[in-house]
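Chain residues, written in single-letter form:
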Amino acid sequence: MKTKPFTLLVVDDSQALLPHLVRTLGPEDFALRVARSGPEALGLTQEVDGVLLCPGEASPAEAHALLEALTPPGPTPRPPVVVLAPPEDKALRLAALRRGAELILTPWDEEELRIRLYRSLETHQKWTELHSQVEELRRLAVTDGLTQVHNHRYFQERLREEFRRAQRYDESLSLILVDLDHFKNINDAHGHGAGDRVLREVAASLQHSVRETDLVARYGGEEFAILLPCTHLPGALTVAERVRRGISDLHAGPEGALRVTASLGVSSFPHRAILTPEQLLLTADEALYRAKREGRDRICLHPPAPLFSAPPSRVG
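None of the values given here were measured: they were computed from a predicted structure.

(A) Focus on helix α6 (residues 152–169). Between the first and last C-alpha of α6 there are 26 Å, a value that for 18 residues agrees with the 26 Å anticipated at 1.5 Å per step. Of all the positions in α6, only Tyr154, Phe155, Gln156, Arg158, Leu159, Glu162, Phe163 and Ala166 are classed as buried. As for α6, its buried residues are in contact with β6 (173–180), β7 (215–220), β8 (223–229), β9 (262–269) and α10 (277–293). After α6 finishes, the residue aspartate 170 shows a positive phi value of roughly 55°.

(B) Molecular detail of the confidence of the model for the chain. When pLDDT is averaged along the chain, the result is 88; 93% of the residues meet or exceed 70. Within the model, pLDDT remains below 50 along residues 306–316, and this stretch shows four contacts once partners closer than five positions in the same chain are excluded.

(C) Quick peek at the sheet that holds strand β2 (residues 30–35). Read from one edge of the open sheet, five strands run β2-β1-β3-β4-β5, paired in parallel fashion. The outermost strands of the open sheet, each flanked by one partner alone, are β2 and β5 (102–105). Strand-to-strand, the axes of this sheet are offset by a mean angle of 25°, without reference to chain direction. Sheet analysis places strand β4 (residues 81–85) next to β5, joined by four bridges and oriented parallel.

(D) Summary view of the side chain of aspartate 214. With respect to the helices, strands and loops of the structure, aspartate 214 is situated in the loop between α8 (192–209) and β7. Judged by its relative accessible area of 8%, aspartate 214 is buried. In contact with aspartate 214, other than residues within four places in its own chain, are Leu227, Leu228 and Pro229.

(E) Quick look at the sheet that holds β6. Taking strand neighbours across the sheet as the criterion, the five strands line up as β7-β8-β6-β9-β10 in an open arrangement whose pairing is mixed. Sheet topology places β7 and β10 (299–301) at the edges, where each strand pairs with a single neighbour. Going from strand to strand, the sheet's axes swing by 20° on average, the running direction of each strand aside. Pairing of β6 with β8, which is carried by seven bridges, proceeds in the antiparallel orientation. Within β8, the residue paired with valine 178 across the bridge is phenylalanine 224. Its contacts with the sheet place α8 against β6, β7 and β8, and it is angled at close to 10° to β8. Sheet contacts for helix α9 (residues 233–248): β6, β8, β9 and β10; angle to β9, the most-contacted strand, approximately 165°.

(F) Spotlight on unusual backbone geometry. Along the chain, phenylalanine 269 connects to proline 270 via a cis peptide bond; the corresponding omega equals 10°. With respect to the element layout, proline 270 can be found in the loop between β9 and α10. Cis geometry is found at the peptide bond from histidine 302 to proline 303, where omega equals 5°. With respect to the secondary-structure elements, proline 303 resides in the segment after β10.

What counts, and at which threshold
Residues numbered from 1 in each chain as written. Predicted model: local features only at pLDDT ≥ 70, side-chain atom pairs only at ≥ 80, totals over all residues. Heavy atoms only, no water. Helix = DSSP H or I, 4+ residues; strand = E, 2+ residues; numbered from the N terminus. Expected span 1.5 Å × (residues − 1). Buried < 20%, exposed > 50% of the residue type's maximum accessible area, 1.4 Å probe, protein only. Contact = heavy atoms within 4.5 Å. pLDDT = per-residue confidence, 0-100. Pairing = 2+ DSSP bridges. Axes fitted to C-alpha atoms, helices over the stretch in contact; angles between N-to-C directions.

What follows is the structure in structure tokens.
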């Protein structure tokens, strides 16, 4: 239930209707703000609950342009627009209806104006709340509850999408798998609460180490995945080293008393052995386990050969 008045922006270039509107729309239900011009009105739309457009003495072209600016297409919730239009201005009436605005004919009935305005604003408020709830549900559906990075399912979806895009546009795509070393010892020695805190702090470190266009996900347990679009293998190696150092520099857990290291496996497309997203994942996983076998706290690449090898020597 609404406990304060709706804030209503009145756009009236002449302000001839303003005294009548003030008398009609009592302060209990509506707090009025006034704009004379289109640019002034557009600058205030994010600060109000709704807009009452009074074309007044504006030319038809100006009225239509302002109506279009106030009702842009798109899914983002925007303040509803109510248009006061004379019966003879058929073009404006039809334009308002096409753009989803509420229409009230002039001269208006005071009670009808209040009811239509209140209904329009209430409906929009409920729709905005529903939109926010849906967006939150979408976020929760792709987010790991503990670490607040993306979850395994979303990672798998994006891996397939980005791989198809890389194939289609002949772009690079790299993948880093990160596994914390001896993480079971942390849980055994300090408890699962401390282990959870370490995972959250590591996830934050990973986010800090990559670009906004990169994707960080919890792959499972103490393992994370980092998807790097438009990144070749040397570039992925640079990111991997930044990630490894960021984790090893952490003072993690309660009171910052725990030190953590990680092993990383890196793979990249295009490569003759990688024809599917599953193969990109498998090769990164093989590189990760090689890093484990070779002593942990290190990065291994696929292919295991050096990135840059010396040219063959000439004989004779």
